[in-house]
Number of protein chains: 4
Amino acid sequence: MSILIKNGRIITAADDYVADIFIEGETISAIGKNLPVQADTVIDATGKLVFPGGIDPHVHLAMPFMGTFSSDTHETGTRAALFGGTTTVIDFVLQKQGQSLKDALADWNSRARGTTVGDYSFHIAVTDFNEDTKAEIKVMVEEEGITSFKTFMAYKGALMIDDRQMIGLMQEVKKQGGMVTVHATNGDVIDYLTAKHRSEGKLTPLYHYLSQPEVTEAEASGRFSDMADYTGCPGYIVHMTCEGALNAVRHATRRNQKVFVETCIQYLVLDASLYEQNFEGAKWVMSPPLREKKDQQSLWAGINQGLVQVVATDHCPFMWEQKLMGRMISRKFRTGIQPSKIGWNCSTARGFTKATSR
Amino acid sequence: MSILIKNGRIITAADDYVADIFIEGETISAIGKNLPVQADTVIDATGKLVFPGGIDPHVHLAMPFMGTFSSDTHETGTRAALFGGTTTVIDFVLQKQGQSLKDALADWNSRARGTTVGDYSFHIAVTDFNEDTKAEIKVMVEEEGITSFKTFMAYKGALMIDDRQMIGLMQEVKKQGGMVTVHATNGDVIDYLTAKHRSEGKLTPLYHYLSQPEVTEAEASGRFSDMADYTGCPGYIVHMTCEGALNAVRHATRRNQKVFVETCIQYLVLDASLYEQNFEGAKWVMSPPLREKKDQQSLWAGINQGLVQVVATDHCPFMWEQKLMGRMISRKFRTGIQPSKIGWNCSTARGFTKATSR
Amino acid sequence: MSILIKNGRIITAADDYVADIFIEGETISAIGKNLPVQADTVIDATGKLVFPGGIDPHVHLAMPFMGTFSSDTHETGTRAALFGGTTTVIDFVLQKQGQSLKDALADWNSRARGTTVGDYSFHIAVTDFNEDTKAEIKVMVEEEGITSFKTFMAYKGALMIDDRQMIGLMQEVKKQGGMVTVHATNGDVIDYLTAKHRSEGKLTPLYHYLSQPEVTEAEASGRFSDMADYTGCPGYIVHMTCEGALNAVRHATRRNQKVFVETCIQYLVLDASLYEQNFEGAKWVMSPPLREKKDQQSLWAGINQGLVQVVATDHCPFMWEQKLMGRMISRKFRTGIQPSKIGWNCSTARGFTKATSR
Amino acid sequence: MSILIKNGRIITAADDYVADIFIEGETISAIGKNLPVQADTVIDATGKLVFPGGIDPHVHLAMPFMGTFSSDTHETGTRAALFGGTTTVIDFVLQKQGQSLKDALADWNSRARGTTVGDYSFHIAVTDFNEDTKAEIKVMVEEEGITSFKTFMAYKGALMIDDRQMIGLMQEVKKQGGMVTVHATNGDVIDYLTAKHRSEGKLTPLYHYLSQPEVTEAEASGRFSDMADYTGCPGYIVHMTCEGALNAVRHATRRNQKVFVETCIQYLVLDASLYEQNFEGAKWVMSPPLREKKDQQSLWAGINQGLVQVVATDHCPFMWEQKLMGRMISRKFRTGIQPSKIGWNCSTARGFTKATSR
């Protein structure tokens, strides 16, 4: 099967010109002016922009969470992505405590395989780094083609690994030619502030923001960069939101180090004033939270300067009914009933609300 | 009883001049040229320097450690101090896990009270910060006059507190008008490296040094400064050894923050080349370890620039026979026998060897 | 002649205590409780604070300027200082183009000698550094006791020296054991902005401020520190006003360098909002100009951190009638008549208004 | 006329694949697998790399200098470039004092037009910024298509402009939508050091290096960035050589500023040890001079981090006989005979020796 896209304005990473594109099967086989070819399908793209398919390197599809799942399946999520021109998404496999990476991957494959309508791939989140997990790193890289190992410096008692595990993981990943990616916020400090706010009955969405101040992200981004430098392991910080964190990476570049930085669309265009509503603000609850205008400026500057290399979505949608679970948990806190271990602040953590409206 | 010290060259924090000093009881009551007074004792200090008594704010006397004690008691330690012109020492009370601060203080008082020959005071190390300990902070400040609360970011499983406890302690100490002091090195990373070196049979004193690289101290000093800034609590970093840590504090000063810095004599005059011997290098084993020449230069610059305010000793002597315990533990590791939880690398941790020769 | 000050609360650089002070001639000969001495004069200072005499290291007395003089003579200036407890002032000798340092010093001595009622000393401003001036540095240090050589990086065509002269001066001053002090603002940029504002008819006091933006001081402070570091010459920046300049010095401290920093009272307590009036704002015209609130905070932090060592006044008063000369010059500009070389912006440059009201 | 390049491995800014390239006239009209086209010329590129033509944005062809010219004409220079795959060079028009930009451009065009064998364009160096020059900026941009205005912060009395002119130029260039490029070294300090070394008879190539220490480039790069930020004018620093200068730009990025940085091949691969020979070292004399190994590492890191965007050559060759003129001038200095104003240190300033051997 072949397709000829005629006369579109082609935009690539390096160029901008008008030409025809000839596609055979799934592969572009020629680009040129007035290509002298026949095709099964001919599309006239005159006056239209033609982009390469986008890659969203940060999505969470059908992610199990507190007895529910993030509300896009691999099928609906990849379909939604295609509508926006995103032809590839990279999802995160999450290892459970005590689980092997292989089994975690099998879980995700069981939901994804055969259901997607676009291309997809996986990062794998290492939440339990021990001798067994260490031995699997090589397997993931060589047999499964997964080279990106996600870590959490937050969500203590759930997803978080400590610095001891981080250093160990980095040394092994470097050896196997992979990369360590990170959710870089100081989980201990956030835990303290979350508990403190809870004990004071401060449970509105605003306190989600106030429990994760800029310093928790700046500190952790610097610490991660220090460890990446010490071990020589390539590092990648996901969903960066603020000036302090970007300055920590900027500082790290002085020592001939490169740490890749990803930000997300929401941090570039929205700000924390959205939390100054009542429970309505829960629509914008995500972790890390939205920041200030000055942080938006910093992130744009970082993109402009080549310090931020990637813009992703951290697409992890929850329906409004799911968000309401947060309110119920809040109520339990007020009445002294203990919720499950991962509390409200973390629970509805991520979720870019445009997605929730689907 | 009165003493007249005649005609000495008096050196104070601000001045340098020749005069007489008249002392009644324990108090200087007059300083001047040819003081027209009679005294029980007259000392001719012509041609001699007369200093105020020194204060050593960092000593460990009769500190319990692995079934033994640091080798200076409060009596011998204060006597030794007097020989060097140091008339006051500040020792560290160490809370045990599960112990109240009050009981920990009582332990130390039981060894110190009535035995010292110079002035002394206490910092108190908080190693188990919980609701009970929190309630005692006010008591320590108001009833016991102890305003300085020591924390360890290293020695995991023994003295270390995590960042959650640190933030909680800082908020309470700030409220009570005290100060948090800190041993600032990343305990997780050091634990990882120590275990790694052990597993590889690398047990010579050099590996004590290589298990605590500069970055572990730089990182923790920055993290401590971040938390001190966030909570508004006055901070004090003990025994700083290196350029990286000093730069972390220098960086913190940009945000209108003051963190006090202490270094120790050994870090100003000795360097890590001393570890490149065989077990003889154990004489210089201390934590943090000696560093490089460039670090000495940084610390001197810090003193010169007012960034380092205090020079102390971290006097915590162990006799050579006690140091030899480290070797025995090393042998056990080689033969696969497990030592007690706190291993060799930490055990003989501190100890400035000039003291051990007494 | 002798004086006994009894029972005052004595405040020194290091201490705070109650005692008697016995003074013989011009010298304190004893301090103590109930000093057993007789004195010609006895002053009861019970309940009063007793300070050492203050030193103001930055004043301009009877400074020739545009056909007039700053309005305090050495007599009235030192008298005024005494009223505030300042017993020593350090004035600035200004070398004219083509003049020897010796002749410049003679000029100042001709006005000062025999007229002062307090102690005084001189810095000497080198505005024409050449081979002859170079030869005089040694003479100033060894024969005149003047060790502090002032330079101007601003006031092009009048007082400013270029970087070539600066490096040469620094190398010679270092050799002779002196110190180079500096008015650190980028004279070229200020000249450009002044001329631009003039050409646009922007002549109100606000444009004095806008012609000397923070960056001109930050840049010059960093450049001065670079040159001081390269030559190894001790450096001292006078009247620092802003965060940017302080950060430039903070940055310089990384390379084991100490540059002394002086700020002035006005920069700590007043801000640029005072220029947002009409000609009334001329009362606050000084160079560098008042800055923003954030700069005040930075300077206070610098004092707190030991980065700013000196608070002076830059006392250089002009009467309101003298300030009005600025307005007349402004008018000439509007009508196209050329004023003398040093224009308005520089003319009424300094002047702390408390002084102008005398 | 048409050309078909068959089956080469095509390397672009973003891609790497094997395909055919079809060229009609001077334009690529199609790229694809097995293009079904006929061409006048067919080239089999199997097993070969096919690159886009290179652009060297920094060359000096037939540059008039001290009575001679840099040894490549526009014809030989563009021919040599083509041999290396560089199909476009950007040369520098140099305005003489008192000359209009238009006349300067005419000079260059008189040598370049009709003689080149590859593509070329011009930057124009503004060495005499005044009201007339200011009026020409718009003309250059709109009528001549020259948008890049080169400045020299060094070569005092010849090419250097002062900061007053720099600010004025930046404000005008910004208005006209252009960019200011800069040779960023502190000309005053270099002049001082050059004169000092001359007066001490230190005339070997090593002193070319010692007269332009790293700090002169670091300082000027920071100052240029400050002025670019203040005026909002896009800036581009040519031939950056060292860590200090790169750190100055890195620091500038904190304020949401982008300054483009160019380095040259020689600074990435050669170092200053080449000057430790006798006159043989003159082969490597260029300005700024070669630096240390640590500077090479910094520049590579800068490329890796996206902080250095461009690698050029600063191709400005002189034959060995021309280099020998430097020696003759050196001899004159020794015998007290004054050379022309621009002395040896500047004269044979640039020149990448590979070129000199042609």
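One can find the structure itself at the top, above this paragraph.
First things first, this report covers the structure right here in the doc. Predicted model only: the values in this text are computed from it and were never measured.

### Structural notes on empty space enclosed by the protein
Consideration 1: Its volume calculated, the largest cavity comes out at about 240 Å³.
Consideration 2: Residue lining of the largest cavity: 16 residues in total, with His251(A), His251(B), Arg254(B), His251(C) and Arg254(C) positioned closest to the centre.
Consideration 3: When residues of the lining of the largest cavity are traced back to their parent elements, those giving at least two are α8 (243-252) of chain A, α8 (243-252) of chain B, α8 (243-252) of chain C together with α8 (243-252) of chain D.
Consideration 4: A class-by-class count of the residues in the lining of the largest cavity yields no nonpolar, eight polar and eight charged.

### Some remarks on the packing of aromatic side chains
In this description, a pair of aromatic rings is defined by centroid distance and the angle of the planes.
All names here are of chain B.
Consideration 1: Inspection of every chain in the model, using the stated rule, returns 20 aromatic pairs over all chains.
Consideration 2: Note on Phe279 and Trp320: the rings are 5.7 Å apart at their centroids and 55° apart in plane angle, and the pair reads as tilted. Linking Phe279 in the loop between α9 (265-269) and α10 (293-304) with Trp320 in helix α11 (residues 320-335), this pair joins segments that are 41 residues apart in sequence.
Consideration 3: Take Phe279: its relative accessible area is 12%, and that puts it in the buried class.

### A few points about the interface of chain A and chain B
Consideration 1: Between chain A and chain B, the residue contacts involve 23 residues of the former and 23 residues of the latter.
Consideration 2: Roughly 2,000 Å² of surface becomes buried between chain A and chain B when both sides are summed, with 61% attributable to carbon and sulfur atoms.
Consideration 3: Among the residues chain A hides against chain B, the three largest losses belong to Arg164(A), Tyr192(A) and Tyr230(A). Together they make up 30% of the total.
Consideration 4: Our count for the chain A to chain B interface comes out at six salt bridges.
Consideration 5: One salt bridge in this structure joins Asp191(A) and Arg164(B), with 3.2 Å as the shortest N-O distance.
Consideration 6: Counting across the chain A and chain B interface gives eight residue pairs in polar contact (both at pLDDT 80 or more).
Consideration 7: Of all the elements in the fold, those that place two or more residues in the side of chain A that touches chain B are α4 (163-175), α5 (187-199) and α7 (214-231) of chain A.
Consideration 8: When grouped by side-chain class, the residues that make up the side of chain A that touches chain B number 10 nonpolar, three polar and 10 charged.

### Focus on the sheet that holds strand β9 (residues 86-94) of chain C
Residue and element names in this part refer to chain C.
Consideration 1: Taken in spatial order, the eight strands of this open sheet run β6-β9-β10-β11-β12-β13-β14-β15, and their pairing is parallel. Bordering the open sheet on either side are β6 (54-59) and β15 (310-312), each of which pairs with just one other strand. Sheet twist, expressed as the average angle between the axes of neighbouring strands with direction ignored, equals 30°.
Consideration 2: In terms of strand pairing, β6 meets β9 through four bridges, oriented parallel. Counterpart to Gly54 in the pairing with β9 is Thr86.
Consideration 3: Helix α7 (residues 214-231) contacts β12 (179-183), β13 (235-240) and β14 (259-264) of the sheet and is inclined by roughly 165° relative to β13.

What counts, and where the lines are drawn
Numbering of residues starts from 1 in each chain and follows the order in which that chain's sequence is written. The lettering of chains begins at A and the numbering of ligands begins at 1, in the order of writing. In keeping with the model being predicted, local features are shown solely for residues with a pLDDT of at least 70 and side-chain atom pairs are shown and tallied solely at 80 or more, while totals for entire chains, interfaces and linings include all residues. Only hydrogens and water are removed before side-chain values are computed, so all heavy atoms of the structure are retained for them. Points on a 1 Å grid, built from protein atoms alone, make a cavity when a 1.4 Å probe fits but cannot get out and make a pocket when they are open with protein on both sides within 12 Å along at least 5 of 7 lines; residues with an atom within 4 Å of a point are the lining residues. Grid points are joined across faces, edges and corners, and a volume is the space filled by probe spheres set on the points. Elements are defined by DSSP. Helices are runs of H or I of four residues or more, strands are runs of E of two residues or more, and each kind is numbered from the N terminus. For this classification, the nonpolar set comprises Ala, Val, Leu, Ile, Met, Phe, Trp, Tyr, Cys and Pro, the charged set comprises Asp, Glu, Lys and Arg, and every other residue, Gly included, is treated as polar. Only the six-membered ring of Trp is used, alongside the rings of Phe and Tyr, when aromatic pairs are assigned; centres must lie within 6.5 Å, and planes under 30 degrees apart are stacked while those over 60 apart are edge-to-face, with the rest tilted. Buried means the residue's accessible area, taken with a 1.4 Å probe over protein chains only, is under 20% of the maximum for its type, while exposed means over 50%, and partly exposed covers the values in between. What makes two residues a contact is simply this: any of their non-hydrogen atoms within 4.5 Å. The term buried area denotes the loss of accessible surface (1.4 Å probe radius) that occurs when two parts are joined, taken as the sum for both partners. Every case where a carboxyl oxygen of Asp or Glu lies within 4 Å of a side-chain nitrogen of Lys or Arg is listed as a salt bridge. Pairs of N or O atoms within 3.5 Å make up the polar contacts considered here, provided that, within protein, one atom can donate a hydrogen while the other can accept it, and that residues adjacent in sequence are counted only when both atoms are side-chain atoms. In this analysis, strands are considered paired if DSSP registers two or more bridges between them. Helix axes are fitted only over the stretch in contact, all axes being lines through C-alpha atoms; the angle between N-to-C directions runs from 0 to 180 degrees.

By themselves, these are just geometric observations and shouldn't be taken as functional.
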